[in-house]
Amino acid sequence: MAHTEEHLAVNSIIGEGAEFNGEFKLSGLLRIDGIFRGTIKTDGKVLIGKSGIVDTDIRARVVIAGGEINGNIFATERVTLLASCKMKGDIITPKIVMEEGVQFEGNCKINPISR
């Protein structure tokens, strides 16, 4: 799937009010508006909505977060933490954007080649 079409297709959704525990592997985009505990691995994007709560390590190409994260993020392209995001954990990525208002407790390493 081309990068231009990728942002339009959500492969999987954990909706508001839903809970998931375990390992989630996918190719594409995962949106979390509910509660997730476990591990996430994708070559695509992970979107965490304002109501999303994750207790996990995330390995993805791109992570965009507006909810609560307790865990580490390893992104090969970019991490964006929106103003409503509360994060406790470490981030390793080549590019990061943090909006004003983010609550971040952890370490951040800007690494040109993340794996």
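Criteria and cut-off values
- Here the residue index of a chain counts from 1 through its sequence in written order.
- Reporting in this predicted model follows two pLDDT cut-offs: at least 70 for local features of residues, and 80 or more for side-chain atom pairs to be given and counted; totals over whole chains, interfaces and linings ignore these cut-offs and use all residues.
- Excluded from the side-chain calculations are hydrogens and water; all other atoms, namely the structure's heavy atoms, are used.
- Only DSSP runs of H or I covering at least 4 residues are called helices, and only runs of E covering at least 2 are called strands; the numbering of each starts at the N terminus.
- Only protein chains enter the accessibility calculation, which uses a 1.4 Å probe; a residue is then buried when its area is under 20% of its type maximum, exposed when over 50%, and partly exposed in between.
- Contact criterion: two residues are considered in contact whenever any of their non-hydrogen atoms come within 4.5 Å of each other.
- Note on areas: Shrake-Rupley with a 1.4 Å probe; residue coverage comes only from the protein chains shown.
- In this text, buried Ala, Val, Leu, Ile, Met, Phe, Trp, Tyr and Cys residues form a nonpolar core when linked through side-chain atoms within 4.5 Å.
- N or O atoms within 3.5 Å of each other form a polar contact, as long as, within protein, one can give a hydrogen and the other can take it, and as long as residues adjacent in sequence are counted only when both atoms are side-chain atoms.
- DSSP calls a pair of strands paired once it identifies at least 2 bridges connecting them.

Trainee: Help me understand the overall build of the chain in this model?
Mentor: Counting secondary structure elements, the chain contains 1 helix and 13 strands. Ordered by position from the N terminus, the helices and strands of the chain form the series α-β-β-β-β-β-β-β-β-β-β-β-β-β. By residue count, 41% of the 115 residues in the chain fall in the buried class. Nonlocal contacts in the chain, meaning residues at least 24 apart in sequence, comprise 4% of its contacts between residues at least 6 apart. Accessible area of the chain: about 6300 Å², with a carbon and sulfur share of 50%.

Trainee: I would appreciate a short explanation of the nonpolar core in the present structure.
Mentor: Of all hydrophobic cores here, the largest spans 23 residues; its most connected members are I32, V46, I58, I69, I73 and L81. When residues in this core are grouped by element, the largest group, 5 residues, is from strand β6 (residues 53-65).

Trainee: Before we go on, may I ask you to explain the environment of E68 in this structure?
Mentor: Residue position: E68 is located in strand β7 (residues 68-70). Sequence separation of E68 and S84 is 16 residues, and the distance between their C-alpha atoms is 8.4 Å. Ignoring anything within four residues of it in the chain, the contact list for E68 reads G52, I53, V54 and K86. At 3.5 Å, the side chain of E68 and the side chain of N70 are in polar contact.

Trainee: What's the story with the pairing of strand β5 (residues 45-48) in this structure? I'm lost.
Mentor: For a regular strand, side chains alternate in direction, first toward one face of the sheet and then toward the other. Burial along β5 is two-sided: the residues K45 and L47 and V46 and I48 are all buried. By the bridge criterion, 3 bridges tie strand β3 (residues 30-32) to β5 in an arrangement that is parallel. In the strand pairing of β5, L30 is matched with V46. The pairing of β5 with β6 spans 4 bridges and is parallel. Counterpart to V46 in the pairing with β6 is V63.

Trainee: Explain the side chain of T56 to me, please; I cannot follow it from the model alone.
Mentor: Relative to the elements of secondary structure, T56 occurs in strand β6. A distance of 2.5 Å separates a polar atom in the side chain of T56 from the backbone oxygen of G38. Beyond its immediate sequence surroundings of up to four residues, T56 is in contact with F36, G38, T39, I40, N70, G71 and N72.

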